[in-house]
Amino acid sequence: MKFDVVPMVYKTLKENKERFTSRVSSITRTQDDESSPSGAHVKVPSHVPFLLIGGGTAAFAAARSIRARDPGARVLIVSEDPALPYMRPPLSKELWFSDDPNVTETLRFKQWNGKERRYVALQSKWNPFDNGAFLSIYFQPPSFYVPVQDLPSVENGGVAVLCGKKVVHMDVRGNTVKLSDGTQITYDKCLIATGGTPRNLPALERAGKDVQKRLTLFRKIEDFRNLEKISREVRSITIIGGGFLGSELACALGRRARTRGLEVIQLFPENGNMGKVLPEYLSNWTTEKVRREGVNVMPNAVVKSVSVSGNRLVIKLKDGRKVETDHIVAAVGLEPNVELAKSAGLEVDSDFGGFRVNAELQARSNIWVAGDAACFYDIKLGRRRVEHHDHAVVSGRLAGENMTGAAKPYWHQSMFWSDLGPNVGYEAIGLVDSSLPTVGVFAKATAKDTPKSATEQSGTGIRSESETEAEASEVHISQSSSPTPQVPKQGEDYGKGVIFYLRDKVVVGIVLWNIFNRMPIARKRGSKEFLALAVTVLQHWLFVGRAGFNALSFLQIIKDGEEHEDLNEVAKLFNIHED
């Protein structure tokens, strides 16, 4: 019996939500059973035209891109993760602010604007009764994917995901990979999107098993589920790390500190939160913001050793201080997964890590790399490796295009964002390093200048190129005169502002502090240079979405390579002085 594929918009009804949750759980359980000795063995295709190693954002973006250019393509994603492809940002942001008592199971969350992330569903001819009406953190519902065993024969191709399997060996000459269970798959073209593994501290690695049992290296869905459960059971949690992830988790858990009596401690070696990214004055302000969320922030703290004393963990710092806690979360960076380099004979960058690729993200003639694991050359900023959601989306999509013959270079300046709850957030692009000289231009914030308001305006909390193809609303560029930039004062409340990062007097990076949705600025500027850039971006990045256009004005400033003596005038581009 054949069903037509009919586009339908489904209301968010209780029965559809329950059906979606049940379907995701059943797929995970089924694949878990199939990988067990007693379970039925799923038949894996011996050959696929497109093989994607890794089941994260970059791989999913590549699969969509391949199918967009080649509607009949057969794509197999091999993922070590037991879950279907999902987005990681909500794991440290919105999910922690959910009022749903079953959030760890449903993984549903409301964006800062109070709305659930929804989609326009296509009724699947593989399961026409699976009409899920929301996605939670998953990119697509289970009905989007083709069963692995049906991939070779299915009409018009599709995307299949082999969950819970790891590629352990790669024969580049033979175009063959071997899985952890011994299964071999040949391919025509292959993408390596293996992502990364959370780094650990040497002091924690040296600690005994009793410490390891009470340690979380936060990265995946299961890490969120486990930590959420732990936060309900223990009296004290210590987060080691003052970067994006550590600070977001600290604020999220700090919210529970007030309501449940949970002690939340955050310690890191820098002088303040996000000290490697933000200028000192803004890092100090952010630290006070995190403290106001109920977190005991301990800067200038270097871990010397960790041990167990009685029922508690004891963290000894190099300056002699001691911290007693019940559980530790290490958020100290990511190590790119490059284990396949040895068997594949691929080059790993000695400075930044990751597979070295050319401008088209190629490591070999029929092998591409995208996402966290790719070390690429930026024509303006030099060789780089980027670990952000937006980069995973764009590099994955470009790799997918190039795997279908596009031959496009990667010159995109990826953006990233971080929210310390619904009221404070920032977006950034380019080379953002606190060791560089900076110029900050600030103004008084309004009620519109929060992540929550930005989500209400754009309709999505995922501020990157992945979530929408729609063009954002026009933004009025004020022509009024602006006040002279003032040197920030200690303790000042930095409502909203633009921070420019300079290298040799040239702007190489920008942070927009509580400024969002400025995507049409490049075209509104009126100069030929800005217009030409916008046209070029549209030609090369047809999939750029709402927040991608936010980056156009940033990108122009970074790309033009010119000195900007009056950065207050440049700041006008972002309507910083608009009420």
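Residues numbered from 1 in each chain as written. Predicted model: local features only at pLDDT ≥ 70, side-chain atom pairs only at ≥ 80, totals over all residues. Heavy atoms only, no water.

### Description of the overall build of the protein chain
No. 1: Helices and strands together make up the secondary structure of the protein chain, namely 15 helices and 28 strands.
No. 2: Here the protein chain, with 579 residues, has 58% of them falling under the buried criterion.
No. 3: For the protein chain, restricting intrachain contacts to residue pairs at least 6 apart in sequence, the fraction spanning at least 24 positions comes to 71%.
No. 4: Surface accessibility of the protein chain: about 24,700 Å² in total, with carbon and sulfur atoms responsible for 48%. (Helix = DSSP H or I, 4+ residues; strand = E, 2+ residues; numbered from the N terminus. Buried < 20%, exposed > 50% of the residue type's maximum accessible area, 1.4 Å probe, protein only. Contact = heavy atoms within 4.5 Å. Areas by Shrake-Rupley, 256 points an atom, 1.4 Å probe, with all protein chains shown as cover.)

### Here we look at the environment of Arg64
No. 1: Of note, Arg64 is situated in helix 2 (residues 57-69).
No. 2: Setting aside residues no more than four positions away along its own chain, Arg64 makes contact with Gln140 and Phe144.

### Details of a positive patch on the surface
No. 1: Taken together, Arg206, Lys304, Lys316, Lys318 and Lys322 make up a surface patch of like positive charges.
No. 2: Position of Lys304 relative to the elements: it lies in strand 14 (residues 303-309). (Patch = residues over 30% accessible without salt bridge, like charges linked within 9 Å, V, L, I, M, F, W, Y side chains within 5 Å. Salt bridge = Lys/Arg side-chain N within 4 Å of Asp/Glu carboxyl O. Lys, Arg positive; Asp, Glu negative; His and termini not counted. Charge placed at Lys NZ, Arg CZ, Asp CG, Glu CD.)

### Re the pairing of strand 22 (residues 374-378)
No. 1: Of all the five residues making up strand 22, four are buried; the element is thus mostly covered by neighbouring parts of the structure.
No. 2: Bridge analysis of strand 19 (residues 355-356) against strand 22 gives two bridges, and the strand direction is parallel. Across the sheet, residue Phe355 finds its bridge partner in strand 22, namely Ala374.
No. 3: Taken together, strand 22 and the strand that follows it, strand 23 (residues 382-384), pair antiparallel across an intervening segment of three residues. (Pairing = 2+ DSSP bridges.)

### With respect to unusual backbone geometry
No. 1: The backbone phi angle of Leu107 is positive, close to 55 degrees, even though this residue is not glycine.
No. 2: Tracing the backbone through its elements, the reader meets Leu107 in the loop between helix 3 (103-106) and strand 4 (121-122).
No. 3: Phi at Asn300 is positive, roughly 55 degrees, even though this residue is not glycine.
No. 4: With respect to the element layout, Asn300 can be found in the loop between strand 13 (295-298) and strand 14.

### Some points on the environment of Val167
No. 1: Here Val167 shows up in strand 6 (residues 167-171).
No. 2: As for Val167 and Lys178, which are separated by 11 residues in sequence, their C-alpha atoms are 5.8 Å apart.
No. 3: Contact partners of Val167, with chain neighbours within four places excluded, come to Ile53, Val78, Val177, Lys178, Leu179 and Leu340.

### Let's talk about the sheet that holds strand 19
No. 1: If you trace the three strands from one edge of the open sheet to the other, you get 19-22-23, paired in mixed fashion. Two strands bound the open sheet, and with one partner strand each, they are strand 19 and strand 23.

### As for helix 2
No. 1: The terminal C-alpha atoms of helix 2, which comprises 13 residues, lie 19 Å apart, in line with the 18 Å expected from a rise of 1.5 Å per residue.
No. 2: Of the positions making up helix 2, those classed as buried are Thr57, Ala58, Ala59, Phe60, Ala61, Ala62, Ala63, Ser65 and Ile66.
No. 3: Contacts from the buried residues of helix 2 go to strand 2 (47-53), strand 3 (74-79), strand 5 (158-163), strand 8 (184-192) and helix 10 (389-403). (Expected span 1.5 Å × (residues − 1).)

### Considerations on the sheet that holds strand 28 (residues 506-513)
No. 1: Taken in spatial order, the five strands make up an open sheet running 24-25-28-27-26, and their pairing is antiparallel. This sheet does not close on itself; its edge strands, each paired only once, are strand 24 (415-419) and strand 26 (438-443). The sheet shows a mean angle of 15 degrees between the axes of neighbouring strands, taken without regard to direction.
No. 2: As defined by bridge partners, strand 25 (residues 425-430) adjoins strand 28 across five bridges and the pair is classed as antiparallel. From the neighbouring strand, Glu427 faces strand 28, where its bridge partner is Leu512. (Axes fitted to C-alpha atoms, helices over the stretch in contact; angles between N-to-C directions.)

### Brief notes about the packing of aromatic side chains
No. 1: Following the criterion strictly, the structure yields nine aromatic pairs and no others.
No. 2: Considering the side-chain rings of Phe144 and Tyr145, the 5.0 Å spacing of their centres and the 85 degrees angle between planes classify their relative orientation as edge-to-face.
No. 3: When the ring of Phe244 is compared with that of Phe416, the centres are 5.2 Å apart and the planes differ by 65 degrees; the resulting orientation is edge-to-face. One end of the pair, Phe244, is in helix 7 (residues 244-260); the other, Phe416, is in strand 24, and 172 residues separate them in sequence.
No. 4: We classify Phe244 as partly exposed; its relative accessible area is 24%.
No. 5: Of the residues examined, Phe416 reaches a relative accessible area of 8% and is grouped as buried.
No. 6: A network of ring pairs unites the aromatic residues Phe60, Phe139, Phe144 and Tyr145 as a single cluster. (Phe/Tyr/Trp six-rings, centres within 6.5 Å; stacked < 30°, edge-to-face > 60°.)

### Overview of the nonpolar core
Looking at soluble globular proteins, one finds that nonpolar side chains tend to be buried together.
No. 1: Of all hydrophobic cores here, the largest spans 114 residues; its most connected members are Leu52, Leu76, Met170 and Trp513.
No. 2: Not counting residues within four places of it along the chain, the set of residues in contact with Met170 comprises Ile53, Thr176, Val177, Tyr187, Cys190, Ile192, Leu340, Ser343, Ala344 and Ile367.
No. 3: Ala203, Ile240, Val306 and Leu313 belong to the second largest nonpolar core, which has 19 residues in total. (Core = buried A, V, L, I, M, F, W, Y, C linked by side-chain atoms within 4.5 Å.)

### Some words on helix 7
No. 1: Along its 17 residues, helix 7 runs 24 Å from first to last C-alpha, staying within 8% of the 24 Å computed at 1.5 Å per residue.
No. 2: Of all the residues in helix 7, the buried ones are Gly246, Ser247, Glu248, Leu249, Ala250, Cys251, Ala252, Leu253, Gly254, Arg256 and Ala257.
No. 3: With its phi angle positive at about 75 degrees, Gly261 sits one or two positions after the end of helix 7.

### A short note on the packing of helix 2 against helix 10
No. 1: Between helix 2 and helix 10, whose axes approach to 7 Å, the crossing angle comes to 35 degrees. Remark: the crossing between helix 2 and helix 10 carries right-handed chirality. Touching Thr57, Ala58, Ala61, Ala62, Ser65, Ile66 and Arg69 of helix 2 are His389, Ala392, Val393, Gly396, Arg397, Gly400, Glu401 and Met403, all from helix 10.
No. 2: In terms of residue class, the contact of helix 2 with helix 10 is built from seven nonpolar, five polar and three charged. (Left-handed = near helix turned anticlockwise from the far one by under 90°. Nonpolar A, V, L, I, M, F, W, Y, C, P; charged D, E, K, R; others polar.)

### Quick look at the packing of helix 6 (residues 221-233) against helix 7
No. 1: Put simply, helix 6 and helix 7 touch, their axes get as near as 11 Å, and they point 25 degrees apart. Taken together, the axes of helix 6 and helix 7 are roughly parallel relative to one another. Where helix 6 crosses over helix 7, the two elements pack in a sense that is right-handed. Touching Glu228, Ser231 and Arg232 of helix 6 are Leu253, Arg256 and Arg260, all from helix 7. (Parallel < 35°, antiparallel > 145°, perpendicular 65-115°, else oblique.)

### Let's talk about the side chain of Asp223
No. 1: You can see Asp223 is positioned in helix 6.
No. 2: For the buried residue Asp223, which engages in no salt bridge, the nearest side chain bearing the opposite charge is Arg88, 6.8 Å off.
No. 3: One polar contact links the side chain of Asp223 to the main-chain amide nitrogen of Arg219, over a distance of 2.8 Å.
No. 4: Leaving out residues up to four positions away in the same chain, Asp223 has contacts with Thr216, Leu217 and Phe218. (Polar contact = N/O pair within 3.5 Å; in protein donor to acceptor, adjacent residues only side chain to side chain.)

### Points about the confidence of the model for the protein chain
No. 1: For the protein chain, mean pLDDT is 77; residues scoring 70 or higher make up 69% of the total.
No. 2: In this model residues 23-40 is a low-confidence stretch, pLDDT under 50, and it forms 19 contacts with partners more than four residues away in sequence or in other chains.
No. 3: Taken together, the stretch residues 572-577 has pLDDT below 50 and engages in 38 contacts with residues farther than four places along the chain or on a different chain. (pLDDT = per-residue confidence, 0-100.)

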